[in-house]
Structures are given as structure tokens and as C-alpha cells.
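Below are the chains, spelled out letter by letter.
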Amino acid sequence: MTDLPPRVAHDGGARLGCDEVARLRADFPVLGRCVRDGKPLIYLDSAATTQRPRSVIDAVREFDLGSYAAVHRGAHALAEEATLAFEGARTSVAAFLGAEPGELVVTTGTTGAINTAAFAIESAGVGVGDLIVVTEAEHHSNLVPWQRLASRTGAELAWIPVGEDGRLDLGVVDDLAARRPRVVAVTGASNVTGACTDLAALGGVDWGPRAIRVLDAAQMPGHGVVCFRDLGFDLAAVSAHKMYGPTGVGALLGSQSVLEQLGPAWTGGSMVEMVTMTQATFQPPPQRFEAGTQPVSQMVGWAAAVRYLTAIGMDRIAAREAELTARLLEGVGGVAGVRVLGPLDTRDRSGVVSLDVSGVHPHDVGQFLDSLGIAVRVGHHCAQPVHRALGVHASTRVSLGLYSTKAEVDAVVKALAQVRPFFGVA
Amino acid sequence: MGSAGGMEQLYQQLIMDHAKDPSHKGLGESFDGESFQVNPMCGDQVRLQVQLRGQTPGQASDAIVLNGLAWDGRGCSISQASVSMMSELVAGRSAREIARLEETFMALMRSRGEGLTDPEEEEALGDALAFEGVSRYPARIKCALLGWMALKDALAKAEVGDASPAAIPEGWE
């Protein structure tokens, strides 16, 4: 089962251009449909979830129709086949993310991974006097689990603030590091501002011997090369559905030495060795953190997604999205009354662009865009504190994917220019 | 122009007018019941206060009358206009009448663009019928209901004599 896709399968880094994107779009049948009285769909909500190519859907379907069974139990032929497929998928996905198979804990997604991390770290010991460091830029899934951990254990929660440009204000880092935190949990790329965290700066800080550095990488691997072993973090959380794979599956990546230190989070079947009426012993990682029946089909789909991405080349996808992001930023920059909540240049920035349209509530903006077939996210995007830090309560978020086109970017810019006039705002 | 028509059907002039210049907005000094409601999807919020007349324990709900209503909040045109129109509609009515109006408004929201069938019910809602278009967009129904939820909650509190301020988390703005 080490039939790994090569990490770079494309033709030597040639630019991912419009013609190729047009061909790739044919792999995503949903992109061809119409919505709202026949308007062609313009899908600009890939930060919420990416659409799935036919190869992912087919891989899941084929597996479900021919090989589905529970894994890691049962010795029958089907169980064996399913286990091989599941473990093969683990190996493929881990390789894609720059990790060893034993460093990939299968979870229900990023939220599942971070909650698993919080409980596993608690099992290993967190208490009064411990410090948990987060940032003001976090998605609720990398904030609330740590708030809860702090409240269960008596640990203190502190955070790195967000500056006006939407980037983390790293000025406080040295002081926080000097306090020797137990946990440092940060986002790699904000799902609101699109700002990419300076991971070399953060991961490279001497946080002390007890610190477990946790990265919310949800918005990263679908949009660029991610190599876990080079990130400088102990744990990282990802979701398949933000990288063209199925929902309901994700991973907690962890270096062997750190996973070994952590206690179980969820408990139950599959993660134990010996169980008596009063006691249990636990499997080594990653199984220690994989209680219950595993999402087998979803893992098979996820492996198909990384094959699809590998064949295109993540570096090419990243370059293409950077080009489109520049076009989008330039376009919205020219629309009166529209403010970008986040960095205005493409340096260390993803294709997630959140906007404040002066005088019009994001729900109303979204409704207007929707009437033209344009799908964007409106609201607080599960990140209320960062909105508060930027002086708004909600925003309109445009986010790109590998299938996004210049015409789509131009269409949303044009539509945004019509929003304030429609709502009678000067 | 189907979808542009859809937009105009949703954002009727009446709704736009109420959103721009809402009624009963601005909190008062005292209240018998207060509610703070948030739409978890977008963080939109309304704080709504009621003053009653005739609320004594065990009193029948048609003897309890909404004497005063004040609110403050933020949100989209739909949510803001809905609280505003609701405030005008329910002022001076009995708790029983308000409960019936709320049911009628809920029925309108559940109608999936079909509207109400009973002309009497339509008449009872008055201007709030303008929200019929919202029922075609399931994601927006919560916006239109935010104020109604706050009113229901504030009335329930007032009726049991709970005049405590609604609780909100530390750091919330």
C-alpha cells in the first residue's frame, strides 16, 4: 500500500493558466449548474468548503459499492480490503501533508482534531498556573476548545492580538513565551482576513519545554504546499472538505514524540488494548486517538482528492490563486465604500477576502450577490472576535479555489459596485 | 429579470423604509421584562424591553396588555425592519393577541413564498405582510424572526415578574 503519488506530477511547474482551469472545471459538474432563475453559478465560497471533483466522488462510490466494511476488526476478506484501503489512504494523505502515516490521527475534521488535541493535552496534564496562548484571529474551533480547557483546569488564557491590517501583532510574543505556556494554538491562515501567519517566527520562538504548539491549518493545504515536518509545530489540524475531499473527515497531525506524551481524548472501541470491568490500556498513537468506527469511505475520498491535487501541483494552484487574489484586491479596491478586512497586498496572504460594504449589512450584500448567482459567505464566519477587532460585527467573504476564474472575480467586483446603489446608500 | 424581481419582492419599499427609520428604537429607563437575542449565524442582535399592564400572577393573558416596547439592535435590513414593524403592530395589544400574531407571522415565514391563505390573518399582520418574500429564502427567516423571539421571551419574563436585565457574555459588544 505504498503506491504513493509523486509529490510533483505536473510538467515542470508550467503556469496553471485559464485554458487548463477551464478543463479542470469540467471535473466539477456542480460548477456548470444554474441557480436563482437561471443564473450560472459563480462559486466563491471555497473557504467554507471546496467542491469535489468527479474523481473523488467516483472513488467513494466505487469503494462503497465494492469494498466497504469496518476497518481494524474482523478478519474477513472485505474487512481486510477496507483496512488496506483506509491505511493506504492514511499513507497518501500523510505524504501529501509532509507527515509519516503514524503521525496522522484520523478525526472528523479540523474541529474534531482541535477538540481531540485539547482533551489529549488535558489528559497529559494541564492545571492552575498553566498558560494557554491563542490569537485574536482564531476561528471559533481554535478558540472555544481552549476556553473550555482553561475553564475545566483553571489554566489561564492569553492571546496575541490582531492589528489593524488584520495581521497578528507579534509584539507580545516574547513576553508570552517567557511565561512558558503549556499550549500555543494559532491559525496558519485566517478564514476571515486571509492573512497567513509568520509560522517561522512563531514556531521558532522558544516557548519552553512544556509548550505544545498547535496549528489550525484548515485553510492551508487546499491552497498551497504544506509540509508538516517543516512547520515547526507539534500538532496541526486539517479538514478534507477544505481540500476538495469529503466532509466528515480530517486529521490531527502530530510528531510521534508529542503524540506519545498525550493521553486519550475520546475513549471506546478501537483505541484500547486490554479492557477489564474496571480498567483499560490504550493503543499507541495514532490509534490511541481514533475511538469508534472510522470514516472509511471518506478517507478513500480524501486520498483521491490528494491524488487530484498532486496531479495539478500545489505550487501551481498557489500561484494561480495568488494571481486571482491580486485581481480581486485590485478590483474591490476600486469600488467606493468597500473596505478589505485584511492585508491589501498578496504577500503572505490567501485567496480569502472579507469585505465591509459601508452602510449595507453583509446579509443584504450576500442576498444581492446571490440574486446574480454569486455564492459568497456572509456573517462572522465562525470568528466573532477578529471581526470585533477590526471594528465590524460581520462581513462578506469572497474566497477562491483552484477552479475560480478571472471572469468570476470580475463578476463579483462588478456586482459589489451595484450593492450600495441598490440599497440606496450614497 | 426574474432574480432582480426576486430582490425587489424581498426588499420591498416598506422594508427598506423601516430599516432606514425604525420605530420604537431606543431603550427606555425601566421595563418589566427584557430579552437579548442573537442570530448565531451572523451575530446580529436585538435587546428588547416590554412594559405591561395588568400582569398579576394567574392573570388571563387577554388581561395582560403591552403598555410599552423599546428595543435596540443591529442587523440586516430584514431583521431591523421586522423588529420595527412588529413593534408598531403589537403596541397596546394583549398578550393573547400578540401570541396569535406571532403564530400568524410564523405561518407566513413557513409558507415558502406561498403566503397566507386566510384573508383575516393577512389583514391582522398589516404591513408585516411585506415579509412574505422572506419565506422563499430559508436562510433569512431567522433574520425576520429575531425581534419576534425577543418579544416572546421578554413577555414571558415580564409575565412571571422577572425584570432582570438579559445576560450577555463578558467582552461582547
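Residues numbered from 1 in each chain as written. Chains lettered and ligands numbered in written order. Predicted model: local features only at pLDDT ≥ 70, side-chain atom pairs only at ≥ 80, totals over all residues. Heavy atoms only, no water.

Draft legend 1. Representation of the interface of chain A and chain B within the structure. Facing 19 residues of chain A, the contacting portion of chain B comprises 25 residues. Summed over both partners, the interface of chain A with chain B buries about 1900 Å², with 55% contributed by carbon and sulfur atoms. Interface area lost by chain A to chain B is led by His363, Gln367 and Arg388 of chain A, which between them contribute 31%. Seen at the junction of chain A and chain B, the total is 1 salt bridge. Linking aspartate 364 of chain A and arginine 140 of chain B is a salt bridge whose minimum nitrogen-to-oxygen distance equals 3.2 Å. Viewed at the interface, chain B and chain A are joined by 10 residue pairs in polar contact (both at pLDDT 80 or more). Contributions of two or more residues to the side of chain A that touches chain B are made by helix 11 (362-371) and helix 12 (384-389) of chain A. Ranked by the residues each element gives to the side of chain A that touches chain B, the list is headed by helix 11 of chain A, at 6 residues. (Contact = heavy atoms within 4.5 Å. Buried area = accessible area lost by both parts, 1.4 Å probe. Salt bridge = Lys/Arg side-chain N within 4 Å of Asp/Glu carboxyl O. Polar contact = N/O pair within 3.5 Å; in protein donor to acceptor, adjacent residues only side chain to side chain. Helix = DSSP H or I, 4+ residues; strand = E, 2+ residues; numbered from the N terminus.)

Draft legend 2. Representation of the sheet that holds strand 14 (residues 352-357) of chain A. Residues and elements named next belong to chain A. The strand order across the open sheet built from 4 strands is 13-14-17-16, with neighbouring strands paired in antiparallel fashion. The strands lining the two open edges of the sheet, one partner per strand, are strand 13 (338-340) and strand 16 (377-379). Going from strand to strand, the sheet's axes swing by 30 degrees on average, the running direction of each strand aside. Contacts from helix 10 (residues 314-333) reach strand 13, strand 14 and strand 17 (395-399), with the element oriented near 10 degrees to strand 14. (Pairing = 2+ DSSP bridges. Axes fitted to C-alpha atoms, helices over the stretch in contact; angles between N-to-C directions.)

Draft legend 3. Layout of the pattern of salt bridges. All names here are of chain A. Under the defined criterion, the tally for this structure stands at 21 salt bridges over all chains. The partner of glutamate 20 in a salt bridge is arginine 316, and the shortest N-O contact between them spans 2.7 Å. One end of the pair, glutamate 20, is in helix 1 (residues 18-25); the other, arginine 316, is in helix 10, and 296 residues separate them in sequence. According to the relative accessible area criterion, arginine 316 is buried, its value standing at 6%. In this structure, arginine 179 and glutamate 156 form a salt bridge, with 2.6 Å as the shortest nitrogen-oxygen distance. Taken together, the residues span a long stretch of sequence, with arginine 179 in the loop between helix 6 (173-178) and strand 7 (183-187) and glutamate 156 in strand 6 (residues 156-160) at a distance of 23 residues. Given the relative accessible area of 38%, glutamate 156 is considered partly exposed. Several salt bridges share partner residues, and in doing so they unite Glu87, Arg90 and Glu290 into one network. (Buried < 20%, exposed > 50% of the residue type's maximum accessible area, 1.4 Å probe, protein only.)

Draft legend 4. Highlighting unusual backbone geometry. Residue and element names in this part refer to chain A. Here the bond from proline 285 into proline 286 is cis, since omega is 0 degrees, no more than 30 degrees from zero. Position of proline 286 relative to the elements: it lies in the loop between strand 12 (280-282) and helix 9 (296-312). At tyrosine 244, a position not held by glycine, the phi torsion is positive, near 70 degrees. Relative to the helices and strands, tyrosine 244 resides in the loop between strand 9 (235-239) and strand 10 (250-254). Unlike most non-glycine residues, serine 270 shows phi in positive territory, near 75 degrees.

Draft legend 5. The layout of surface pockets, seen in detail. Reported here for the largest pocket is a volume of approximately 690 Å³. In terms of lining, the largest pocket is formed by 22 residues, of which the most central are Gln147, Pro385 and Arg388 of chain A together with Glu170 and Gly171 of chain B. If you list the elements that add at least two residues to the lining of the largest pocket, you get strand 5 (131-135), helix 5 (144-153), strand 6 and helix 12 of chain A together with strand 1 (33-39) of chain B. In this structure, the second largest pocket occupies an estimated 520 Å³ of space. Taken together, 24 residues make up the lining of the second largest pocket; nearest its centre are Gly359, Val360 and His361 of chain A together with Gly75 and Cys76 of chain B. (1 Å grid on protein atoms, 1.4 Å probe; cavity = no way out; pocket = protein on both sides within 12 Å on 5 of 7 lines; lining within 4 Å. Points joined across faces, edges and corners; volume = space filled by probe spheres on them.)

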